[in-house]
Amino acid sequence: MTIQRLSVRGRVRLLAILAFISLVGVTAAFQIAGVIGKRLNDQEVGYSEAANAARQAETLLLKLELSAHHFLTQREPEAQMKFRSDALYFKNTLRKLGASEYDPLHVLDLAETYISNMEKAFRTRVRLGLTEDEGLEGELREAVHDIERRLAEHGDVELTSLMLMMRRHEKDFMMRLREDYVSQFSDRVTEFRGELKRANYSAAEEAVFLDLLKVYRDQFLTWSATRLELDAQTSQAQDSLLTLSAELRRFAETAQIEAERFMVSHQTIVRKTATFLWSIVLLLIAGGMLLSIWIGRSIVGPIAQVADDMLALSTKNSTGIPAPERKNTRNELEHIRSVLDYFAANLAETERLHNEVLYHRDNLADEVAKRTAELEEKKIKLELALSQEREL
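Residues numbered from 1 in each chain as written. Predicted model: local features only at pLDDT ≥ 70, side-chain atom pairs only at ≥ 80, totals over all residues. Heavy atoms only, no water.

**Q** How would you summarise the overall build of the protein if you had to cite specific residues and measurements?
**A** The helix and strand tally for the protein stands at nine helices and zero strands. Listing the helices and strands of the protein from first to last along the sequence gives α-α-α-α-α-α-α-α-α. Classification of the 392 residues of the protein by burial places 32% in the buried group. Partitioning the contacts of the protein with sequence separation of at least 6, the portion at a separation of at least 24 is 73%. Total accessible area computed for the protein in this model is approximately 24,900 Å², and 58% of it derives from carbon and sulfur atoms. (Helix = DSSP H or I, 4+ residues; strand = E, 2+ residues; numbered from the N terminus. Buried < 20%, exposed > 50% of the residue type's maximum accessible area, 1.4 Å probe, protein only. Contact = heavy atoms within 4.5 Å. Areas by Shrake-Rupley, 256 points an atom, 1.4 Å probe, with all protein chains shown as cover.)

Below is the structure:
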């Protein structure tokens, strides 16, 4: 069905439907653009929050390291408690990294490894002793004091000198943690035993010295081995710390780059979408105007043609009434109204003339008789006037 076959109401309805469809299309396009923009913005925000969480985690990791170092060096239990409370907050912060495509389980595993290694070091530190009188350090100190008191009682210069050499190796090891000092310590123990035999102590007294020396030697070897274990655990914890820190730094940089990329993409898409949509809007407006003009003309054209046909029909049998001109009207509807008025006036005048003709036709005999009588009367009057003139 073509548009020419539609009624005026149908054409107006078609124009309204097309306008509604265009409005719905533009609204849907704006909605789709808004959804796309929101998704990009959400991704940008997610990466930004993840980057911030990673930086916050780096700061917390530094605080953990300081607390751990403080506990291992200053041996304060408060530092260990602070490390554990900060570790919980640290792991909760790491879980926020899941806002992006990054898998937080990976860095959580690294964090668990670091915290676990540091807890092992803490337990070893406690086993060594938090004060001079606690743990292996307290037992070693007590063993040293026992043998030193015994040597002081006897005033043996040679054994005391060897004892001082062992204490020196002990202090050197504590300062430098080198295993060769342990070997040197063992050599001094052997020399002490040899010198003890040459000192001509009684068997009972020699046995007491040997028991004290054995306790001191065993305590030092246990303490030194545990201290080396602590150093290895601390190094292991430090390695896991460096790995975790590097991973957090890498993630923060990557997340920031992704956030900036999504921000640029968001701005680009918003700009291009706005340009495209406004182009579509302008095209729809222009198309709507052209379509409305075309439909309007398709409606007005036949109306104007009817007005022209009626005017031509009316002027064909004109009764002398002036015909209306299109230029004197504001629009087609006013013109057709003037044509209808002209047509009605012309029709009324024609009807009037027709009735007048009928009237004269129906009353022709009476009018002829009346006219004849009038003529006869005039004739008589004329003859009378002529006769009077002759008499004079």
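**Q** Please provide a residue-by-residue account of the nonpolar core, values included.
**A** Membership of the largest hydrophobic core comes to 63 residues, with the highest contact counts inside it found for F90, L94, Y114, M118, F192, L244 and L248. If you list the elements that add at least two residues to this core, you get α1 (8–74), α2 (77–94), α3 (104–128), α4 (135–154), α5 (157–176), α6 (179–198) and α7 (203–316). Among the elements that line this core, the one with the most residues is α7, at 16 residues. If we ignore the near neighbours within four places in the chain, the residues touching L244 are L61, F90, V107, L110, A111 and Y114. (Core = buried A, V, L, I, M, F, W, Y, C linked by side-chain atoms within 4.5 Å.)

**Q** Explain the pattern of salt bridges to me, and be specific about the residues and the numbers.
**A** For the structure on display, the rule yields 23 salt bridges. Linking K82 and D86 is a salt bridge whose minimum nitrogen-to-oxygen distance equals 2.8 Å. Of this pair, K82 and D86 both sit in helix α2, four residues apart, which is roughly one turn of the helix. Residue D86 is classed as buried on the basis of its relative accessible area, which comes to 12%. Here D180 ties to R178 by a salt bridge, and the two come within 2.7 Å at their closest N and O atoms. Given the relative accessible area of 41%, R178 is considered partly exposed. A network of salt bridges, in which partner residues are shared, links R75, R125 and E137. (Salt bridge = Lys/Arg side-chain N within 4 Å of Asp/Glu carboxyl O.)

**Q** Kindly report on the packing of aromatic side chains, identifying the contributing residues and their values.
**A** The geometry of an aromatic ring pair is captured by two quantities: the separation of the ring centres and the angle between the planes. Under the counting rule described, the total for this entry stands at eight aromatic pairs. Where F83 meets F122, the ring centres are 5.0 Å apart and the plane angle is 80°; that geometry is what we call edge-to-face. Remark: F122 occurs in helix α3 and F83 occurs in helix α2; sequence separation between them is 39 residues. Accessibility expressed as a relative area gives 0% for F83, which makes it buried. For the ring pair F185 and F220, a centre distance of 4.1 Å and an interplane angle of 35° mean the geometry is tilted. Highlighted residues: F185 in helix α6 and F220 in helix α7, separated in sequence by 35 residues. The pair F185 / F220 is uniform in exposure class, with both members buried. (Phe/Tyr/Trp six-rings, centres within 6.5 Å; stacked < 30°, edge-to-face > 60°.)

**Q** Break down unusual backbone geometry for me, citing the residues and quoting the values.
**A** Located in the positive-phi region is R75, a residue other than glycine, with phi close to 60°. Relative to the assigned elements, R75 resides in the loop between α1 and α2. Under the relative-accessibility criterion, R75 is labelled partly exposed at 22%. A positive phi angle is found at L177, which is not glycine, with a value near 55°.

**Q** Let's hear about the side chain of N117: which residues, and what values?
**A** Secondary-structure assignment places N117 in helix α3. The exposure class of N117 is buried, given its relative accessible area of 6%. Every residue in contact with N117, bar those within four places of it in the chain, is listed here: Q233, Q236, A237 and S240.

**Q** An account of the environment of G25 is requested, with residue identities and associated values reported.
**A** One can find G25 in helix α1. For G25, a relative accessible area of 39% translates into the label partly exposed. For the pair G25 and V281, spaced 256 residues apart in the sequence, the C-alpha separation amounts to 9.7 Å.

**Q** Requested: an account of a nonpolar patch on the surface, with residues and values cited.
**A** Side chains of I17, L18, F20, I21 and V24 sit close together on the surface and give an oily, nonpolar patch of about 450 Å² of accessible area. Within the secondary structure, L18 is located in helix α1. (Patch = residues over 30% accessible without salt bridge, like charges linked within 9 Å, V, L, I, M, F, W, Y side chains within 5 Å.)

**Q** Kindly report on α4, identifying the contributing residues and their values.
**A** If you check α4, its first and last C-alpha atoms are 30 Å apart, about what 20 residues at 1.5 Å a residue would give, namely 28 Å. Buried within α4 are the following residues: L136, E137, G138, L140, A143, V144, I147 and L151. (Expected span 1.5 Å × (residues − 1).)

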